[in-house]
Amino acid sequence: MADVTNNSYQPGTSPAGASSGMSWGEWLDRHSRTFFITPAVTLILIFAIFPTFYSIVFALSRVRFTADGLQFRFVGLQNFAKQFFGNDQVHFLGKTEGIGVLGWVFFGAVTAAVLWWLYRSLRITSPVGMLGRLISAAMAIFIAWIMGASLLAGSTIGTLLTTLFYVFVGCALQFVIGTGLAFLCSQPIAGKNFFRVIFFIPLMVTPLGVGYAMKMVADITKGPFEPLLRGFGIENWVWSADPWAARFVMMICDSWQWIPFIFICMLAALENVPRDHVEAAQVDGASSVQIFREITWPQIVPVAVTVLLIRTIEAFKIVDLPNIMTGGGPGSSTESMTLHSLYIWRSNDIGTSAAVAYLLLILTVVVCASFFNYVVLGQLRKARA
Amino acid sequence: MSFRKMTTCMLSAGVAVCGLSAVAAAGEFDGVTVNILTRPGYVIAGRLAERGKEFEAATGGKIVVTEVPFAEIFPKIQADWSTGTNSIDVGVFAAGWGVELDAAGLLEDMDPYIAKDTKIDLADVAPYFREFGQKVGGKTKLLMVDGDFQMVYYRKDVLEKAGLQPPKTWQDYLDVASKIHGQDMNGDGQADYGSCIFKKRNAQSYMAIQTVAASFVQTQGTAQGFYFDNATMKPVVNNEAWKKAFELYKETGKYGPPEELNMDIGDTRAIFKAGRCGLLIEWGDPGTLQLDPDAAAVKGLIFAVGAVGTKEVLDRATGKLVPVTKENAPYSVDGINYAPFAAFGGWAGAINSKIDQKKKDAAYAFLSYMNQAAQSNVDVTIGATGYNPYRNSQLVSTDLWVKAGMPADLAENYLGAINGALNNLNMASDMKIPGAQKYTGVVLDTELARYLAGEITVDEALKNIEAGWEEVTEDFGREEQIKAQALAMGTGG
């Protein structure tokens, strides 16, 4: 009341809501963080968060195109359910009728290991952390069962396991080769700068360009390998008609493009390993293997796991190569979950497409969050210690 | 472009100005742009663009042709028109797909335009294409640019040399293919293929399987159809007839190119033009494509069989195959049931009902121009256009074709095969109900591709198709679909 009575308020010098005597400059200064962050938050809300939540509406509906636009019919979880139990089950999960001895052994081993891990976690993890671990464990056991019942039983696999094949086998291959090349280029060898540029080039090509280039390169009836294969007597076999050969070709072509990413990141990490540590080990008579294992690797491992995490997230989204090179074929052998969703979307079945996209989102989040929590964070803590 | 094609184009361009005068005066559509969406490549799209230039010169209306992958044509048009984006003014697609767009009120009724059009002469369009292809619910909603039937083609020289007759049944097809497979058919020293069929997924493989299946399933005339029990819309697909068709279709792969599962129609056309195929399942195009300069190896050698049939047909009560008799297959000839398949029904143009009137006028004028005999009778004789005959003036006499460079005996055979198919009382119509593209282009195509790749058994494929078709029917409403099917089959009002 005193302020009002004294009437010290000066019109035009303080913004509304500011305490008396505060200038516009001071008020702006105090709220600058809000002003700076608001545009970014607004854009994220509009372009990322809103579509993500709006697509839930699609995933829970059957959508028809009419003269008045889209017509929604709520169907609950039907679009999800048919991926697991309906006529899309084989497409998504693969054929899971008979699980063989190998499948049971694998499933049993994974389940036992996961349960043991959960049991050990009970003593060291908070309730929230335990919930996260339960989700990861459930996902691991489910995938182990699908692998045992389809892949290890010699049956057809679905887009779920095809995606995981691209992610795990592809990323592992890319990591090993990328790190190996980075290690070589970090050594004092002649022409290493030349090789650094050469190894980096594939990453700069657009995925579409890579797809068409690889389609031509991998064409074994007219491509550059045709004489070689003919020399080996392989004339009536084509990779594009063989499901596993097609998946491997896809994975190799994807690796061609992404090895440079691993290479460049790991090269930067290797270049940052202090020379004096290495030289001290050399003076102490350590072998090259010992130096790599004891000096170099512990120092680059935080970068390595982070790079692997980024690459894994990216790998879940593979779509260009199988779309261009095989159209997802033969059959649906090379179809990733992203391509699966795209093809359904392309037929204007937007509800089912959104459901598959959500399943991919759940898979990606659980796999990557598990990797981050149980591998990346552990390595980072170890490095700090 | 060959000299022949260039000359033809120039001559037709001259005729163009006269043809346009009836529906559009010079400068009438100045400043109007008509955006057309259709399939990729020169086939279909190329000739639209070329004729579009003539149209622009004569009327001022600009024609822009946009090409998208085959599997994206219908969903793109449907989404564009339904959501009010309206970036596409005209869609050129399968005649049968129009019914779903029309049910949503998205197609312009062309009858008022036709009433004022003195050049289009729709009486010259063959009745099947005029009544079934162009009309939806009794009104003309599309104009054909192409008429389609799938037929079996054979290399006359190769079969004669091997002492073989053209196939009459699908079993004959396999027998002939197996006997000629591995022969050098073009003298290049390489072993060639007994059969070539485009089997790539997300393309048009699902059409060829229907060509095989139709004669096993449809026996009682065109109105019976071969997809559904028309009274209940229950799929007639999970039975021995479709199973046999799937198995035969897969077996043709033994005598085909090793990469056949990844071959689209352009790929198979390239190899048959190079003289590497003994038998093909194709539309009318090989008849004229063999006249192209790059098909010198097969010019005048690829002959057509209007229909290949079966000696066993489906007993719908039991789902089993039974031998053909006059009772169960009244249209059978010498114990063989034929059901030539009007695959795709032909490419046709439809106008978006939501665009402004000036654009509609220009769009109609252009589609009319494409459809008129003056242009069409030239376009259908050029293989590369992808346009096949659909007007009586193209089908009654071989003169047009001989003039275009086709040997007389081939022209006789070619038109004979098409007319035989067109006039067959048991001709099988392509699907023409809402969801047609989804029933066949998505569900059938996907399951077929997975069966061919060995991912699933034939029984699983058919079971999945049955479930998938039921889902589409439920989506659109069973009662509505029953009515739509009755209209499509000409049995309902």
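Fair warning: this is a prediction, and the values are worked out from it, not measured in the lab.

Peer 1: How should I be thinking about the overall build of chain A in this particular structure?
Peer 2: When its secondary structure is counted, chain A shows 17 helices and two strands. Against the compact-globule benchmark of 21 Å for 385 residues, chain A has a radius of gyration of 27 Å, which places it well outside the compact range. Taking the principal axes of the C-alpha coordinates as reference, chain A spans close to 100 × 75 × 50 Å. A buried classification covers 31% of the 385 residues belonging to chain A.

Peer 1: What exactly am I supposed to notice about the overall build of chain B here?
Peer 2: In terms of helices and strands, chain B carries 20 helices and 17 strands. For 493 residues, the compact-globule estimate of 2.2 N^0.38 gives 23 Å, and chain B sits close to it at 22 Å. Each principal axis of the C-alpha atoms in chain B carries an extent, and together these give about 60 × 55 × 40 Å. Counting all 493 residues of chain B, 59% fall into the buried class. Considering only contacts in chain B between residues 6 or more positions apart, those separated by 24 or more positions represent 76%.

Peer 1: What is the right way to look at the domain arrangement of chain A in this model?
Peer 2: The figure often quoted for interface size is the accessible area lost as the parts come together. Residue and element names in this part refer to chain A. Segmenting chain A into domains produces domain 1 (24-74) and domain 2 (80-94 + 156-384). Between domain 1 and domain 2, the C-alpha centre-to-centre distance is 32 Å. Broken down by element, the residue count for the side of domain 1 that touches domain 2 peaks at four residues, all from strand S1 (residues 61-66). When grouped by side-chain class, the residues that make up the side of domain 1 that touches domain 2 number four nonpolar, two polar and one charged.

Peer 1: Even after reading the chapter, I still don't get the interface of chain B and chain A, so can you show me in this structure?
Peer 2: Counting from both sides, the interface comprises 31 residues of chain B and, opposite them, 26 residues of chain A. Contributing elements (two or more residues each) for the side of chain B that touches chain A: helix H3 (73-82), helix H18 (436-452) and helix H19 (458-476) of chain B.

Peer 1: What is the right way to read the sheet that holds strand S2 (residues 62-67) of chain B from this model?
Peer 2: Sheet strands pair via backbone hydrogen bonds, and the direction of the pair is either parallel or antiparallel. All names here are of chain B. Strand order across the open sheet formed by five strands is S2-S1-S3-S16-S6, with mixed pairing between neighbours. On the outer flanks of this sheet lie S2 and strand S6 (143-144), each paired with one strand and no other. Sheet analysis places strand S3 (residues 90-94) next to strand S16 (residues 347-351), joined by five bridges and oriented antiparallel. Bridging from a neighbouring strand, Val92 pairs with Gly349 of S16. Sitting on the sheet, helix H13 (residues 357-371) is in contact with strand S1 (33-38), S2, S3, S6 and S16, with an inclination near 160 degrees to S16.

Peer 1: Sorry, what's going on with H13 of chain B here?
Peer 2: Side chains that are three or four residues apart share a direction in an α-helix, a result of its 3.6 residues per turn. In this model, H13 of chain B (15 residues) spans 21 Å end to end at C-alpha, consistent with the 21 Å of a helix rising 1.5 Å per residue. Burial analysis of H13 of chain B places 13 of its 15 residues in the buried class, which makes it a mostly covered element.

Peer 1: What's the story with the pairing of strand S13 (residues 312-315) of chain B in this structure? I'm lost.
Peer 2: Remark: a regular strand shows side chains that alternate across the two faces of the sheet. Here S13 of chain B runs beside strand S14 (residues 320-323) of chain B; their pairing, made up of four bridges, is antiparallel. Residue pairing across strands places Asp315 of chain B opposite Lys320 of chain B, the latter belonging to S14 of chain B.

Peer 1: Would you mind going over the sheet that holds strand S11 (residues 277-282) of chain B with me for this structure?
Peer 2: All names here are of chain B. The four strands lie next to each other as S8-S11-S7-S12, forming an open sheet whose pairing is mixed. Pairing within the sheet leaves two strands with one partner each, and these edge strands are strand S8 (193-196) and strand S12 (302-305). Each neighbouring strand pair of the sheet contributes to a mean axis angle of 20 degrees, computed without reference to strand direction. Pairing geometry for S8 and S11, over three bridges, is parallel. When the bridges of S11 are listed, Ser195 appears paired with Leu279. Sheet strands touched by helix H17 (residues 408-422): strand S7 (151-155) and S12. Its angle to S12, the strand with the most contacts, is close to 25 degrees.

Peer 1: What is the right way to look at the confidence of the model for chain A in this model?
Peer 2: Residues and elements named next belong to chain A. Summary statistics for chain A give a mean pLDDT of 87 and a share of 94% for residues scoring 70 or more. The least confident element of chain A, judged by mean pLDDT, is helix H1 (residues 2-6) at 44; the most confident is helix H8 (residues 159-186) at 95. Predicted confidence for residues 1-9 stays below pLDDT 50, and this span has five contacts to residues more than four positions away or in other chains.

Peer 1: Looking at this model, I keep getting lost on the environment of Gly378 of chain A. Mind explaining?
Peer 2: Residues and elements named next belong to chain A. Along the chain, Gly378 falls in helix H17 (residues 350-384). On the basis of neighbour counts, which here come to 12 C-beta atoms within 10 Å, the residue Gly378 falls in the exposed class. Each C-alpha atom, one on Gly378 and one on Pro302, is 9.2 Å from the other, the two residues being 76 residues apart in sequence.

Peer 1: Just checking my understanding: could you explain the packing of helix H9 (residues 205-217) of chain B against H18 of chain B for this structure?
Peer 2: For any two helices packed against each other, one specifies the crossing angle of their axes together with the interaxial distance. Residue and element names in this part refer to chain B. Between H9 and H18, the least distance of the axes is 9 Å, while the angle of their chain directions is 85 degrees. With respect to H18, the axis of H9 lies roughly perpendicular. Residues Ser205, Tyr206 and Ile209 of H9 form the contact with H18, whose own contacting residues are Thr440, Gly441, Leu444, Asp445, Leu448 and Ala449. Each residue belonging to the contact of H9 with H18 can be placed in one class, and the counts come to five nonpolar, three polar and one charged.

Reading guide: rules and limits
- Residues numbered from 1 in each chain as written.
- Chains lettered and ligands numbered in written order.
- Predicted model: local features only at pLDDT ≥ 70, side-chain atom pairs only at ≥ 80, totals over all residues.
- Helix = DSSP H or I, 4+ residues; strand = E, 2+ residues; numbered from the N terminus.
- Rg over C-alpha atoms; globule rule 2.2 N^0.38 Å.
- Buried ≥ 20, exposed ≤ 12 C-beta atoms within 10 Å, placed from the backbone.
- Contact = placed C-beta atoms within 7 Å.
- Domains from an automatic or database assignment.
- Nonpolar A, V, L, I, M, F, W, Y, C, P; charged D, E, K, R; others polar.
- Pairing = 2+ DSSP bridges.
- Axes fitted to C-alpha atoms, helices over the stretch in contact; angles between N-to-C directions.
- Expected span 1.5 Å × (residues − 1).
- pLDDT = per-residue confidence, 0-100.
- Parallel < 35°, antiparallel > 145°, perpendicular 65-115°, else oblique.

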